[in-house]
Structure formats: structure tokens, C-alpha cells
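Summary of the model geometry
Residues per chain are reported as follows:
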Amino acid sequence: MGRSEAGHAPAATGRDARLRHFAEDLLVARLPVTVYAAVPGADGRWLYISDQVEELLGFTAQQFLDDRELWFQRLHPEDRQRVVQAEDRSLVAGFRNAAEYRMVRADGRVVWVLDDTVLEHVEGEGLVQHGLLSDITRRKRTEMLLAAHTDLLGEVVNGEPLPEILSHLAQTLETTSGAALCHLEIDASEERHAFVSRADVADGSPVRGWKGEELRVPVRDGRREVGRLVLRYPPGRTRGPADDELAASGARLASTVLERAAQQDRVATSLALLEATLESTVDGILVVAASGRIAGANRKFAEMWHIDPELLASGDDGTVMSSVLRQLVYPDAFVERVQELYSDPTASTFDELHFRDGRVFERYSQPQRLNGESVGRVWSFRDVTANRRLEREVREQTTVLERLSRQHESILNSAGDGIYGLDQEGRVTFINDAGTRLLGLPREAVLGRPVDEVIRAEDVTDDIAGEVTAEPAGEPAGQSAGESTGERMGTATRLVTGRHVRADGRVFDSERIVAPIVQDGGVVGSVVILRDISERRAVDTMKDEFISVVSHELRTPLTSIRGALGLLAGGAAGELPPRAHRMVEVASDSSDRLIRLINDILDVERMAAGKLRLRHEQVDVMQLVATAVDETSPLAHDAGVRIEVGAVYGSVWADRDRVVQTLTNLLGNAVKFSTEGSVVRLTVVAGEWQVRFDIVDEGPGIPVDQLEEIFNRFQQVDASDTRSKGGTGLGLAICRGIVEQHGGDIWATSAGPGTGATFSFTLPTGPGGISRRGGSHRTTIASAGSVSTVLGQHRPGTAP
Ligand code: ADP
């Protein structure tokens, strides 16, 4: 259109006029567009303009015809230059152009106009421009909104900050609507964000107390209203017919933006989570697309395969693959397997990879699916080198242990004693060859059975099960006062002599050792060692008889030799030369010792045969102790050992000489084994039924396993004692014989070598004796701490 001046309609008459009227009033008036004709150019003018222009721009056709500047004035300032330039370029007949531009209506609103125009040469008029003007505001808005939609979502995807995106939206809406202000408010849960079209009103000041018209539309998130979009018109300006629609579209667009932003957020969060998960796993993970290209991998993968992470990221698959293959022991198998899998994209696999450097990986692969389609494959690798090594070690150790256990078994089987392993309940879990022979039962008949059913003691009170399973309850009380000293039955190793019955009914003399198996402080079972000592017993008896006979035969000649030597030394055969005199003295001393020995042997033998006659009387303990200490004093004096006697009281029913003999013997031993300057203590504890004597020294002590042995004949801890200390190894056997014949008990305690020894014995206070316990001859050897030996009543045939 032009800056021209034209009449609404030039004057006409007659038929022409009627036709013109027809055209204008009946045809043109019915068109939905404005029709015009004008002379273009610098001195252009309107020739004709139809009345629809009033609806389009708010000015009448006449106003345009009257004011040739009006059109140019209402042309939107931003479009003026473009429109004028285009018109100036096209002043050629036949030129057709469709221009789109904005006009500012009389009421201030902006409308988009499509100006579809043609230039023609008209006789008498020259170049005439005629065309159609139509309102394309709606279409234009739609286009702009569509463009904005694409732009804004692009911004969301690019991660632009949400406030900026929403301000951009507000700005677009404002431009599109032509309203003064577009204001977008979003209520965040805590704060309220206002996104407005212009920075200068960001503080909201022109908004508060707005005088003009407002158009408000809620912005929703689903059903929830999360904000509103407000179009504000300056005073005097009113909303256009399509503004509601625009506001609604704008609000919808805002909702979409918010929703997408939230989605984007969620995606970003889950991606971050996924990445963190992938990076924190111990597995190396590789994702390969269906094309075979690497789609992604975590750091662990790069680490495990010694691949530069940058090389991985670059997606140079060939280099990655060759680096992988170089490390493997069987690269061909690897390639084959991978190819196999690509021909079956749905298969998942599990296998093992062996590296040249000794590492072993477990490889697991699974197809990656998207909407049911396989789009690639996820591989995960786990370094199981340590596990494999551990498994191998366990296997090797098991083999070693099995071999060892077989070895142990064969050692145990070659042992002469019966060896039985028991569980906590006392059932037999192991038996060696000698064990089966001893019981006369096959292995199968023994394994799994309670120990008492297979190892049968002749004496029913002899309770093996009690020994192996728990603390033996109720050891008969009232025995010797020393009995309870330091006894720890539960974890103690016990030695019991008795008689056992074979499966065929034959009975044999036995020695039984029961040792608990302690693990982590608890008893998990026990071992029983059973020994047939019948033969040893028989040999002992033979030996005893032999010694007895020899002793008797020796005593008479020895006594006469001793007498003769005495006479010789006394000068009965004349004065002897000094050398001869010394030799006779030595011979006399030796025959003295020999006679003492023989007397001891005969004493022992008498006791064994029960032929030792005791002259019982009520004796004051004080007298007994005084006599014994007197007799030992010279010995103690020579050894530099002090004898200390505690409070002494009470009386016993005993043979005075024999008790003095016992006390002297024990005191003598204590002095003999003490070092110079040490002390030997004798204490007496008098009770109602019995008196206990304790002789305590600070000497070398007695090994635990010898505590009982030393009471046997000719038993010495150290065989060299005879030479170094003098002595026969019979003293304690005699003491035991004497004490037991009195109805008392005798025992030794020592915490082991170097800790001193204590010898104790009891005697009855009156003719009634001490109540005695029955049962076998027991020794308890505590595994640690103090130790006590309790000698019960000896059985006939086992006594010395
Ligand atoms: P001996 O005549 O050899 O002393 P005993 O029967 O009196 O014979 O003693 C036997 C063994 O007991 C001794 O040889 C010695 O090994 C040990 N014994 C006896 N009393 C003590 C003690 N007080 N301290 C250490 N060992 C002792």
C-alpha cells in the first residue's frame, strides 16, 4: 500500500454507476477482506478502499481517503522501513507481492495484515496497485507460539536456567500480543518466582496497583495451579479478540516448559545416579551398541583392562580391541565367543577370561533392550583372581590336611595302646587298630556308640562317661583334706588304673588315660588311651618274688660279714695297720648300707604281704614330731637347711616307731633335696577323725607325671639320685605301706620342677579309723596350675 491520497470512490453516473454500486455494495461488501486500489510511489494516493478497513484498523475508509499520511502513521514502527523498501523495489507492472506487516489500530492494538497486491498499468491512470488486506493476527500468533515452543524446549534441553527461559516466554508473549506487559508468576513450593517480560519491571513495581485492564490465566502442573500468566494493558487500551486464546496458549506453553524442565531434572538426576552407580561398582562395565561400537564404559573397566579412558571415549574400537586381545591367554577363543554372541543378540553369557599376567576375570554379558528391541550388549567383568587363588589354596591345604590326617591315622594305628576319640556326648568317633584288638570288637561295632558300652570297666562305679563328658559330680567327700587342693576335673587329664572287660568276657588289668580335647577354651571331645598292663603286673610280681628271695638269702651272711668287720675294726684281731683299718671301715659302712637296703626291701615285702605288724596305741602328735625332728636335725645341720615346725597338737592311733620312721623319711627327703639356706616346714592339721601332716620344702619339686610314680619301689625322679643323694628308692614305698596300713592316705603335690614339693599323709585319731572311699587308684594331673595326687585304697595285688 502506499502513502497515497485517494477518494473513497470517484463520482460516476448512469449504468456505470449502477454497476459500480452493485460491485461495491453487494459484492465487495460481502468479502471477508478489505479491497483497495491506489496509485503507488512517492506521490501516490488511494483510488478506492472498501469499508471492511474499519473493522481491520478502526479507521473508516473515508478517513484514509482524506488523510494520505494516515496509513504510513499506523504502520508498526518496526515494520515501516521493510515495507517501504519492498514497495519501492516493486514499481513494475505485473508485479505481484504478498507482504505481511503489523498495523497499529485506532485503539492501539497491533494487528498482523497480509497485503496481497498486484501492479497493473491502467489507461489514464498509469501504474495502479490493487489488492486485498486480510487480518492474519491469529495465524501469526500461532506461528510465533510454535516457534517459541521449539525455542523454549531447546533451551530446556540445553539446560538454560529456568528463570531465563520463562522470561523469554513472557517477552515472546508480550511481543505477540502487543499488550503492554506480560507477567508470569510461578509459585515454587517455598518462594514465589516472578518472571516478567522486562528487566526494568522485575521488581514488580509497575505491576502493583495496575490501572489498566488485566487478563489472567492460571498456569497448571497437571491439575494443580502452580502460577499464573497476566497480560496487562495500559489505561485506555483493551484486549484484542484473540488475546484470551493467546494467554491460554502462553500458559499452556509455560506448563510444558515447567514439565519438561522437571523431566529434564529427573533425567539428569537418574543419569547422575546411574553414573555414580556405575563408577562405584567393583565390576568393569562396557556397553557396546548393536553396530559393535563402544557406547560407554566405566572407569573401572578402563582400569581393569589397562585402557586409556580417553581412548575409550574416542570410540576407537579397533585400538581398544587389539589392546584387549594382547592381554589374553586365549585371544582367539575370545574373538570367537564375541562373534557367536553377535549372531545371537538375545543370549546372555557367563564365562571366564584368563590373562597373560595371571589374572582371571569373570565375564557376564546381557543384551541391552529398548522397547523390547535388542540395541546392544552390556558386558561386565569381575576380577576373581584373588577368589581363584584362595580356592586353589584351600584345595591344596585340604589335600595336605587329608594326607596329614591319613598319616596321623597310620601313626595312631601303629601304636600299641588302644586310642579312642570321643565327641562331646562321649560317643566314639575314632578308634585305632590296637583299640579294636583290645576290646575284641570290630571298628564298625564301636564307632558312634557311647564309650561306656564299648570300653567296659569291671567295676561298675568306674565311670568313663562321667570323665569324658563333664565335671564328675560328687567325688566322695571326707577323704583326705588334701584331696580337694587344686583339683580341676573338667579340663584335667586323668590316669586311672583298673580292670576292663573284653567283648569275649575276658578281664585284663588296665591303665586308662582320659584327656579332654580343648578348643577355644571349651571341651569339644576327649581322647581315651587304654593300655593292657597285665603283663607288666605279672613281671612286677615275678620281680618282687625274686627280690624277696634274694634279700632273705643275703641277710644272714651279710649280718655275719658286718659283725666280723666290726670286730676287725675294733681290734679283735690285733691292731690293724692304718691303711687296712681305713679299708675295713669302708667295708663296714658299705655293709651297713647294704643291710639297711635289705631291711627296707624286707619291710616293703612284709607290707605287701600284709605281714607288717603294728603296735597301735594313742600317741601324742607332739612326741612323734619332736622325735622325728631330733633325728633329722644333724642331717639338716650338715646341709645348712632349717626345719620349721608349726603348731602341733592332737593325738593319733598309731604305731609310734613306724610313724616316726615315716616322718623321718619324709623330713630326710625334704632336707636331702633342699638347697643350703632354704627351709623345710612341718605342719599338722588335727581334725575330728584324722590328723594330717604336711612336709613342705623349697627344693626342685617333682615333675607332674612322677607324682605317683615316686611312691613305687625303686622309683626315683632321676636315676642318678642314688649316687648323688644316697638312697634306695624304697623310702616312699615304705612310707606309703606304713600309712596305708594305718588306714591313712599319703600323697605328694608339686606345681612342677623348681617349685618345691609337699608330702602329706593322714592318720586316724582313734581305733575307728578314717572312713575310706572305694574305687580305683586315681591320679588327676591338672593341665596347669597346682597339682595333686590322691591315692585311693590300693587293690590287692597292686600294692607294693
Ligand atoms: P630315695 O631313698 O631315693 O630318696 P624315696 O622313695 O624316698 O627314695 O624317694 C623316691 C624319689 O622321690 C627320690 O629319689 C626323689 O627323686 C623323689 N623325692 C622324694 N622326696 C622328694 C622331695 N622332697 N623333693 C624332690 N624329690 C623328692
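Within an unreviewed UniProt entry, the label attached to the protein chain reads histidine kinase, and the organism entered is Oryzihumus leptocrescens. In its Cofactor (unreviewed entry) section, the UniProt entry covering the protein chain states "a divalent metal cation". Quoted verbatim from the Catalytic activity (unreviewed entry) field of UniProt, the annotation for the protein chain is "ATP + protein L-histidine = ADP + protein N-phospho-L-histidine."

**Some details on the packing of helix 21 (residues 656-672) against helix 23 (residues 731-741)**
Relative to each other, helix 21 and helix 23 sit at 145°, their axes nearing to 10 Å. Crossing geometry of helix 21 relative to helix 23 is assigned as left-handed. Residue-level contacts link Arg 658, Gln 661, Thr 662, Asn 665, Leu 666 and Asn 669 of helix 21 to Gly 731, Leu 732, Ile 734, Cys 735, Ile 738 and Val 739 of helix 23. Per-class residue counts for the contact of helix 21 with helix 23 are six nonpolar, five polar and one charged.

**Things to note about the sheet that holds strand 2 (residues 45-49)**
The pairing of strands in a sheet happens through backbone hydrogen bonds and is either parallel or antiparallel. The five strands lie next to each other as 2-1-5-4-3, forming an open sheet whose pairing is antiparallel. Edge positions in the sheet fall to strand 2 and strand 3 (96-104), since each of these pairs with one other strand and no more. Neighbour-to-neighbour, the strand axes of the sheet open up by a mean angle of 30°, direction not taken into account. Here nine bridges tie strand 3 to strand 4 (residues 110-122), and the two strands are oriented antiparallel to one another. When the sheet's bridge partners are listed, Ala 98 is paired in strand 4 with Asp 116. Docked against the sheet, helix 5 (residues 77-89) engages strand 3 and strand 5 (126-135), running at close to 155° with respect to strand 3.

**Regarding the sheet that holds strand 27 (residues 758-764)**
Judged by pairing direction, the sheet is mixed, and its five strands sit side by side in the order 22-24-25-27-26 without closing on themselves. Two strands in the sheet have a free side with no partner beyond their single neighbour: strand 22 (642-645) and strand 26 (746-749). The mean angle between the axes of side-by-side strands here comes to 15°, regardless of whether they run parallel or antiparallel. The pairing of strand 24 (residues 679-686) with strand 25 (residues 690-696) spans six bridges and is antiparallel. Each bridged residue has a counterpart across the sheet, and for Leu 682 the counterpart in strand 25 is Ile 695. The sheet strands contacting helix 20 (residues 621-639) are strand 22, strand 24 and strand 25, and the helix crosses strand 22 at an angle near 170°.

**Some remarks on unusual backbone geometry**
In this structure, His 306 is a non-glycine residue whose phi angle is positive, near 55°. With respect to the secondary-structure elements, His 306 resides in the loop between helix 9 (299-304) and helix 10 (309-314). In the Ramachandran plot, Asp 520 falls in the positive-phi region, its phi being about 50° despite a non-glycine side chain. By the secondary structure assignment, Asp 520 is in the loop between strand 19 (507-519) and strand 20 (522-532).

**Some remarks on the confidence of the model for the protein chain**
When pLDDT is averaged across the protein chain, the result is 81; 86% of the residues are at 70 or more. A low-confidence stretch, residues 1-8 (pLDDT under 50), is modelled with 46 contacts involving residues beyond four sequence positions or located in other chains. Note on residues 772-800: pLDDT under 50 across the span, and 85 contacts to partners over four residues away in sequence or across chains.

**Considering the pattern of salt bridges**
Here the structure, examined in full by the defined rule, presents 49 salt bridges. Between Arg 102 and Glu 78 there is a salt bridge whose closest N-O contact spans 3.2 Å. Here the residue Arg 102 occupies a position in strand 3, and Glu 78 occupies one in helix 5, the gap between them amounting to 24 residues. Overall, Glu 78 belongs to the exposed group, its relative accessible area being 62%. Residue Arg 537 pairs with Asp 509 through a salt bridge whose shortest N-O separation is 3.7 Å. In this pair, Arg 537 is assigned in helix 18 (residues 534-569) and Asp 509 in strand 19, connecting sequence segments 28 residues apart. Taking relative accessible area as the criterion, Asp 509 reaches 15% and is therefore assigned buried. Overlapping salt bridges, with partners in common, bring together Glu 78, Asp 79, Arg 82 and Arg 102 in one network.

**Concerning the nonpolar core**
In globular proteins that are soluble, nonpolar side chains generally tend to be buried together. Ranked by internal contacts, the top residues of the largest apolar core, which has 38 residues, are Val 625, Leu 663, Phe 693, Ile 695, Phe 759 and Phe 761. Broken down by element, the residue count for this core peaks at seven residues, all from helix 21. What Phe 759 contacts, discounting residues up to four positions off in sequence, is Leu 666, Phe 693, Asp 694, Ile 695, Ile 702, Ile 710, Phe 711, Leu 732, Trp 747 and Ala 748. Within the second largest apolar cluster, 27 residues are counted, among which are Leu 145, Val 156, Ile 165 and Ala 247.

**Brief notes about the packing of aromatic side chains**
This model, assessed by the stated rule, comprises 15 aromatic pairs. Between the aromatic rings of Trp 46 and Trp 71, the centroid separation amounts to 5.5 Å while the plane-to-plane angle is 70°, which identifies the pairing as edge-to-face. You can see Trp 46 sitting in strand 2 and its partner Trp 71 sitting in helix 4 (residues 70-74), a full 25 residues away along the chain. Of the two residues, Trp 46 and Trp 71, neither departs from the other in class, the shared state being buried. Among the aromatic residues, those joined into a cluster by ring pairs are Phe 301, Trp 305, Phe 334, Phe 355, Phe 361 and Phe 381. The lysine or arginine in question, Arg 359, covers the ring of Phe 355, its NZ or CZ lying 4.6 Å from the ring centre. When the ring centre of Trp 379 is taken as origin, the NZ or CZ atom of Arg 377, which lies over that ring, is 6.0 Å away.

**Quick word on helix 23**
With respect to burial, helix 23 is a largely interior element, ten of its eleven residues being buried. Looking at helix 23, one finds that the buried residues are Gly 731, Leu 732, Ala 733, Ile 734, Cys 735, Arg 736, Gly 737, Ile 738, Val 739 and Glu 740. The positive-phi residue at the C-terminal boundary of helix 23 is Gly 743, with phi of around 85°.

**Observations regarding the packing of helix 19 (residues 578-608) against helix 23**
Here helix 19 crosses helix 23 at 35°, and the two axes come no closer than 9 Å. Helix 19 and helix 23 meet at a crossing whose hand is left-handed. Facing Asp 600, Asp 603, Val 604 and Met 607 of helix 19, the residues of helix 23 in contact are Ile 734, Gly 737, Ile 738 and Gln 741. In the contact of helix 19 with helix 23, the residues fall into four nonpolar, two polar and two charged.

**A short note on the pairing of strand 8 (residues 214-221)**
As paired elements, strand 8 and strand 9 (residues 224-232) share eight bridges and run antiparallel to each other. Counterpart to Pro 218 in the pairing with strand 9 is Arg 228. As consecutive antiparallel partners, strand 8 and strand 9 are separated by two residues, and within that stretch Gly 222 has a phi angle of approximately 65°, a positive value.

**Considerations on the pairing of strand 4**
From the end of strand 3 to the start of strand 4, which pair antiparallel, there are five residues, and Gly 108 there has a positive phi angle of about 90°. Direction of pairing for strand 4 relative to strand 5: antiparallel, over a ladder of ten bridges. Paired with Val 122 across the bridge in strand 5 is Gly 126. The hairpin formed by strand 4 and strand 5 contains three residues between the paired strands, and Gly 124 there has a positive phi angle of roughly 85°.

**Some remarks on the environment of Arg 613**
Counting through the fold element by element, Arg 613 comes out in the loop between helix 19 and strand 21 (617-620). In this structure Arg 613 comes out as exposed when scored by relative accessible area, which is 70%.

Cut-off values and rules
- Starting afresh in each chain, residues are numbered from 1 along the sequence in its written order.
- Per-residue local features of the predicted model are confined to residues with pLDDT of at least 70, and side-chain atom pairs are confined, for both listing and counting, to 80 or more; whole-chain, interface and lining totals are unaffected and use all residues.
- Computation of side-chain values: all heavy atoms of the structure, hydrogens and water removed.
- UniProt positions are given in the numbering used here, feature names are shortened, and annotations may be inferred rather than shown by experiment.
- Between N-to-C directions, angles cover 0 to 180 degrees, with each direction set by a line fitted to C-alpha atoms, over the stretch in contact for helices.
- Secondary structure follows DSSP: runs of H or I at least 4 residues long count as helices, runs of E at least 2 residues long count as strands, and numbering of each begins at the N terminus.
- By the definition used in this description, the sense in which the near helix is turned from the far one sets the handedness, with an anticlockwise turn below a right angle giving left-handed and a clockwise turn giving right-handed.
- Working rule for contacts: check all heavy atoms of both residues, and any pair within 4.5 Å makes them a contact.
- When residues are sorted by character, Ala, Val, Leu, Ile, Met, Phe, Trp, Tyr, Cys and Pro go into the nonpolar class, Asp, Glu, Lys and Arg into the charged class, and all the rest, Gly among them, into the polar class.
- Pairing between two strands requires that DSSP report at least two bridges joining them.
- The predictor's confidence in any single residue is recorded as pLDDT, a number from 0 to 100.
- Salt bridge criterion: a side-chain nitrogen from Lys or Arg within 4 Å of a carboxyl oxygen from Asp or Glu.
- Note on classification: 1.4 Å probe, protein chains only; a residue is buried when its accessible area is under 20% of the maximum for its type, exposed when over 50%, partly exposed between these limits.
- What we call a nonpolar core is a set of buried Ala, Val, Leu, Ile, Met, Phe, Trp, Tyr and Cys residues that are connected through their side-chain atoms within 4.5 Å.
- Aromatic contacts are taken between Phe, Tyr and Trp rings whose centres are within 6.5 Å, Trp giving its six-membered ring; a plane angle under 30 degrees counts as stacked, one over 60 as edge-to-face, and the others as tilted.
- Charge-over-ring placement is defined geometrically: NZ (Lys) or CZ (Arg) within 6 Å of the ring centre, and within 35 degrees of the ring normal.

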